[in-house]
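Analysis of the macromolecular model
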Amino acid sequence: MKVRKAIIPAAGLGTRFLPATKALAKEMLPIVDKPTIQFIVEEAKASGIEDILIITGKNKRSIEDHFDSVPELEQNLSEKHKTELLKVVQSTTDLGVNLYYSRQAHPNGLGDAVLQAKSFIADEPFIVMLGDDLMSDKVPLTKQLIDDYEKTHSSTIAVMRVPDKDVSKYGIIDPEQEQVPGLYNVKNFVEKPDVADAPSNLAIIGRYLLTPEIFDLLESQEPGAGNEIQLTDAIDRMNKTQRVFAHEFKGDRFDVGNKFGYVKTNIDYGLVHPEVKDELETYILDLAEKIQKKNKK
Ligand code: UTP
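Before going into details, it helps to say that this report is about the structure given with it. (Residues numbered from 1 in each chain as written. Predicted model: local features only at pLDDT ≥ 70, side-chain atom pairs only at ≥ 80, totals over all residues. Heavy atoms only, no water.)

1. Considerations on the overall build of the protein chain
Definition in use: Only DSSP runs of H or I reaching four residues or more are called helices, and only runs of E reaching two or more are called strands; each is numbered from the N terminus. In this description the radius of gyration comes from C-alpha coordinates, and the expected globular size is given by 2.2 Å times residues to the power 0.38. Each residue's exposure class comes from its accessible area (1.4 Å probe, protein chains only) as a fraction of the maximum for that residue type: buried when under 20%, exposed when over 50%, partly exposed otherwise. By definition, residues are in contact when any of their heavy atoms lie within 4.5 Å.
Per the secondary structure count, the protein chain includes 11 helices and 13 strands. Taken over the C-alpha trace, the protein chain has a radius of gyration of 20 Å; the compact-globule value for 297 residues is 19 Å, and the two agree within 12%. By its C-alpha atoms, the protein chain is 60 × 55 × 35 Å across when sized along the principal axes. Every one of the 297 residues in the protein chain was classed for burial, and the buried ones make up 49%. Intrachain contacts of the protein chain at a sequence separation of at least 6 include 77% that bridge at least 24 residues.

Rendered as structure tokens:
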């Protein structure tokens, strides 16, 4: 069956960005000039996804507004012949994918957010894309997972090697032999293990291809780490009854869900943004010199 649908869970509280996220959706924080969630929607579209359900919550209205038209603004830009800006604004509504919205009443965890999509997905394989994880590669990571599915017809979770000091922040896999290069059979999926108990440093990152059997498991899933319904725990149970593969991503990942990752991503994206790259590069070089001088004193 063709993979046509994706879910973007965006109902979390974004506590790592307080106070910015008190009234603003974390997924709307811009990378230079584009909200992170727009990058995610564009990756879905580039991977052949047709229908996207965004799971929202309180204080997330700005996500729906962002992908809606603003006739007054468009008219103003048109009258002032700001054609390029008009195109930029229109690109947020002419996405070439269908967007749907549903609310998660309580932020009970990623597993609970995904469960809200049960009737939208029905009995099809689908993609989950986290709104705070940007991926960059020649072939979009979502498309890489879909290509795997077309060969294996199995759930496949994207993973990436992380430094030992970071393993306790992630779901970690206990890998078996590689099936083909970069595609692992998995013994266990463990949510946020201590580094001493971690079976590997292959961490689950923000893209999942799942078969619909996950929903029955999520419905009976007990709260796990952080007292939240963890998607990783349901995936681990599913792996006991049907194969779940792990796909090692070798491209670039930008974790914009924490302060340092967010600032760093703005610099990386700024360095390739046509409007700011030259000034930013000069600024960074000057700054580096100043920092070096200061540290020598
Ligand atoms: P995170 O744990 O990174 O996001 O969840 P968070 O909870 O918003 O952030 P912090 O930890 O408090 O700073 C990963 C993704 O899952 C969504 C989030 O919106 C984020 O995109 N999520 C998380 C939900 O949709 N619902 C939840 O109950 C939890």
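Having seen it, we continue.
2. What about the pattern of salt bridges?
To keep it simple, the criterion reads: The rule for a salt bridge is simple: a side-chain nitrogen of Lys or Arg has to be within 4 Å of a carboxyl oxygen of Asp or Glu.
The final tally for this structure, using the stated rule, is 23 salt bridges. Put simply, Arg4 and Glu50 hold a salt bridge, and the shortest N to O gap is 3.5 Å. Placement of the pair is Arg4 in the segment before β1 (5-9) and Glu50 in the loop between α1 (36-46) and β4 (51-56), with a sequence separation of 46 residues. For Arg4, a relative accessible area of 25% gives the class partly exposed. Residue Asp216 is joined to Lys118 by a salt bridge in which the shortest nitrogen-to-oxygen separation is 3.9 Å. Of the two residues, Asp216 sits in helix α8 (residues 214-219) while Lys118 sits in helix α6 (residues 118-121), which places them 98 residues apart along the sequence. For Asp216, a relative accessible area of 53% puts it in the exposed group. Looking at Lys118, the relative accessible area reads 31%, which means it is partly exposed. Each of Lys2, Arg4, Lys5, Glu50, Asp51 and Glu124 takes part in one network of salt bridges that share partners.

3. Things to note about the site of the ligand
To keep things clear, this is the line we draw: Near, as used in this document, describes a residue that has one of its heavy atoms within 4 Å of the molecule or strand being considered. Polar contact is the term for a pair of N or O atoms within 3.5 Å; when the atoms are in protein, one must be able to donate a hydrogen and the other to accept it, and sequence-neighboring residues count only if both atoms are side-chain atoms. The method behind every accessible area is Shrake-Rupley, applied with a 1.4 Å probe, and residues are considered shielded solely by the protein chains displayed.
In the neighbourhood of the ligand, 18 residues make up the surrounding shell, with Ala11, Thr15, Arg16, Gln104 and Gly109 lying closest. The backbone of Pro9 places a nitrogen or oxygen atom 3.1 Å from an oxygen atom of the ligand. Contact with the protein chains covers 85% of the free accessible surface of the ligand, which is 570 Å².

4. Details of the packing of aromatic side chains
Selection rule: Any two of the Phe, Tyr and Trp rings considered here, Trp counted by its six-membered ring, make a pair once their centres fall within 6.5 Å; the pair's planes then place it as stacked at under 30 degrees, edge-to-face at over 60, or tilted in between.
Tallied over the entire structure, the rule returns five aromatic pairs. Here Phe126 and Phe215 contribute two aromatic rings whose centre-to-centre distance is 5.2 Å and whose plane-to-plane angle is 15°, an arrangement assigned as stacked. With Phe126 in strand β6 (residues 126-129) and Phe215 in helix α8, this residue pair connects regions lying 89 residues apart in the sequence. Judged by centre distance (5.1 Å) and plane angle (85°), the rings of Phe254 and Tyr269 are edge-to-face. With Phe254 in strand β13 (residues 252-255) and Tyr269 in helix α10 (residues 259-270), this residue pair connects regions lying 15 residues apart in the sequence. Residue classification places Phe254 among the buried residues on the basis of a relative accessible area of 12%. An aromatic cluster of at least three residues, connected via ring pairs, comprises Phe39, Phe254 and Tyr269.

5. Looking at the side chain of Thr265
Among the secondary structure elements, Thr265 is positioned in helix α10. Reaching out from Thr265, the side chain makes a polar contact with the backbone oxygen of Gly261 at a distance of 2.6 Å. Here Thr265 is in contact with Ile31, Leu134, Phe254, Val256 and Gly270, once residues within four sequence places are set aside.

6. Thoughts on the pairing of β6
The following threshold applies: Two strands qualify as a pair provided that DSSP identifies no fewer than 2 bridges between them.
Residues Phe126 and Val128 line one face of β6 and the alternating positions Ile127 and Met129 line the opposite face, and both faces are buried. The sheet contact formed by β6 and strand β11 (residues 202-210) spans four bridges and is antiparallel. Each bridged residue has a counterpart across the sheet, and for Phe126 the counterpart in β11 is Leu210.

7. Re the environment of Asp148
With respect to the helices and strands, the residue Asp148 is situated in helix α7 (residues 141-152). Taking the relative accessible area as the measure of exposure, Asp148 reaches 10% and is therefore buried. For the pair Asp148 and Ala46, spaced 102 residues apart in sequence, the C-alpha to C-alpha distance is 16 Å. Not counting residues within four places of it along the chain, the set of residues in contact with Asp148 comprises His153, Thr156, Leu183 and His247. A polar contact is formed between the side chain of Asp148 and the side chain of His247, at a distance of 2.5 Å.

8. Considering the environment of Asp233
Among the structural elements, Asp233 can be located in helix α9 (residues 231-238). It is 8.8 Å that separates the C-alpha atoms of Asp233 and Leu218, two residues lying 15 residues apart in sequence. What Asp233 contacts, discounting residues up to four positions off in sequence, is Glu191, Gln221 and Gly224.

9. Overview of α10
What counts, and what does not: Every helix has an expected span of 1.5 Å times one less than the residues it contains. As used here, the arc belongs to the directions running from the helix axis to the C-beta atoms.
Relative to the 16 Å expected for 12 residues at 1.5 Å per residue, α10 spans 16 Å between its end C-alpha atoms, a close match to the ideal helical length. All buried positions along α10 are accounted for by Gly261, Tyr262, Thr265, Asn266, Tyr269 and Gly270. Down the axis, α10 shows its buried residues gathered within 160° of arc, on one side only. Contacts from the buried residues of α10 go to β2 (30-31), α1, β7 (133-136), β13 and α11 (277-296). Of the residues flanking the start of α10, the one acting as N-cap is Asn258, its side-chain oxygen 3.2 Å from the backbone nitrogen of Phe260.

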